[in-house]
Amino acid sequence: MVLIGVAIVVQGLRSRPGSAEIAVALGVATVYFMVFVRMGIAEERTHLIEYGIVALLIHAALNERAMQSPHVPAPAVLAVAIAGSVGVIDELIQALLPNRVFDLRDILFNVLAAAMAVGAIKALRWARQRAGN
């Protein structure tokens, strides 16, 4: 996790972000910090990170696909739905295992994590494009 944070900071410094992008990044960091602090169970925090990364990878793949084919409607919404579906499948598998527990709250956290990550990347891209205009 620390390496991911360092990579994000290094990449941000290389791209010379504008004031709007810095403001959005600080807002995103504040939201993540507040959600992270309010989650009492450590497993919920890992869901925030894990499913956020899964959603971002899916979103990047869908964006790449959308550039080559117009048949990818709303990559951001689709990325959240697919990441949420992965979370549902994960919970269903846990329901079958004797030492694990199916929990609807985990599905909610998975979808929340995916939506937060995709929303954050969309907000940062918006700020970058706005600075470029």
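Residues numbered from 1 in each chain as written. Predicted model: local features only at pLDDT ≥ 70, side-chain atom pairs only at ≥ 80, totals over all residues. Heavy atoms only, no water.

**Comments concerning the side chain of histidine 47**
- Turning to its location among the elements, histidine 47 is positioned in helix 3 (residues 42-68).
- Taking relative accessible area as the criterion, histidine 47 reaches 8% and is therefore assigned buried.
- Polar contacts involving the side chain of histidine 47 include one to the side chain of asparagine 110, which spans 2.5 Å.
- Excluding residues within four positions of it along the chain, histidine 47 makes contact with Gly52, Glu91, Asp106, Phe109, Asn110 and Ala113. (Helix = DSSP H or I, 4+ residues; strand = E, 2+ residues; numbered from the N terminus. Buried < 20%, exposed > 50% of the residue type's maximum accessible area, 1.4 Å probe, protein only. Polar contact = N/O pair within 3.5 Å; in protein donor to acceptor, adjacent residues only side chain to side chain. Contact = heavy atoms within 4.5 Å.)

**Describing the confidence of the model for the chain**
- Model confidence for the chain is summarised by a mean pLDDT of 85, while 87% of its residues fall at 70 or above.
- In the model of the chain, helix 1 (residues 2-14) stands out as the element of lowest mean pLDDT, 65, in contrast to helix 4 (residues 75-96), which has the highest, 94. (pLDDT = per-residue confidence, 0-100.)

**Considerations on helix 2 (residues 19-38)**
- Relative to the 28 Å expected for 20 residues at 1.5 Å per residue, helix 2 spans 29 Å between its end C-alpha atoms, a close match to the ideal helical length.
- All of the buried residues in helix 2 are Glu21, Val24 and Val28. Down the axis of helix 2, the sector holding all buried residues measures 70°, keeping them to one side. Within helix 2, the exposed residues directed more than 90 degrees away from the buried face are Ser19, Leu26, Phe33 and Arg38. (Expected span 1.5 Å × (residues − 1). Arc of directions from axis to C-beta.)

**Examining unusual backbone geometry**
- With phi around 45°, alanine 74 is a residue other than glycine that occupies positive phi space.
- Summarising the element assignment, alanine 74 is placed in the loop between helix 3 and helix 4.

**Thoughts on the pattern of salt bridges**
- Within the structure shown, the criterion is met by two salt bridges.
- A salt bridge links arginine 128 to glutamate 21; the shortest N-O distance between them is 2.6 Å. Residue arginine 128 is found in helix 5 (residues 104-132), and its partner glutamate 21 is found in helix 2; the two are separated by 107 residues along the sequence.
- For aspartate 103, the salt bridge is made with arginine 105, and the minimal N-O distance between the two is 3.3 Å. (Salt bridge = Lys/Arg side-chain N within 4 Å of Asp/Glu carboxyl O.)

**Focus on the packing of helix 3 against helix 4**
- In the contact formed by helix 3 and helix 4, the axes pass within 8 Å of each other and the chain directions differ by 135°. Relative to helix 4, helix 3 is oriented oblique. Crossing of helix 3 against helix 4: the hand is right-handed. Between helix 3 and helix 4, the residues in contact are His47, Tyr51, Val54, Ala55, Ile58, His59, Leu62, Asn63 and Ala66 and Pro75, Ala76, Leu78, Ala79, Ile82, Ala83, Val86, Gly87, Asp90 and Glu91, respectively.
- In the contact of helix 3 with helix 4, the residues fall into 13 nonpolar, four polar and two charged. (Axes fitted to C-alpha atoms, helices over the stretch in contact; angles between N-to-C directions. Parallel < 35°, antiparallel > 145°, perpendicular 65-115°, else oblique. Left-handed = near helix turned anticlockwise from the far one by under 90°. Nonpolar A, V, L, I, M, F, W, Y, C, P; charged D, E, K, R; others polar.)

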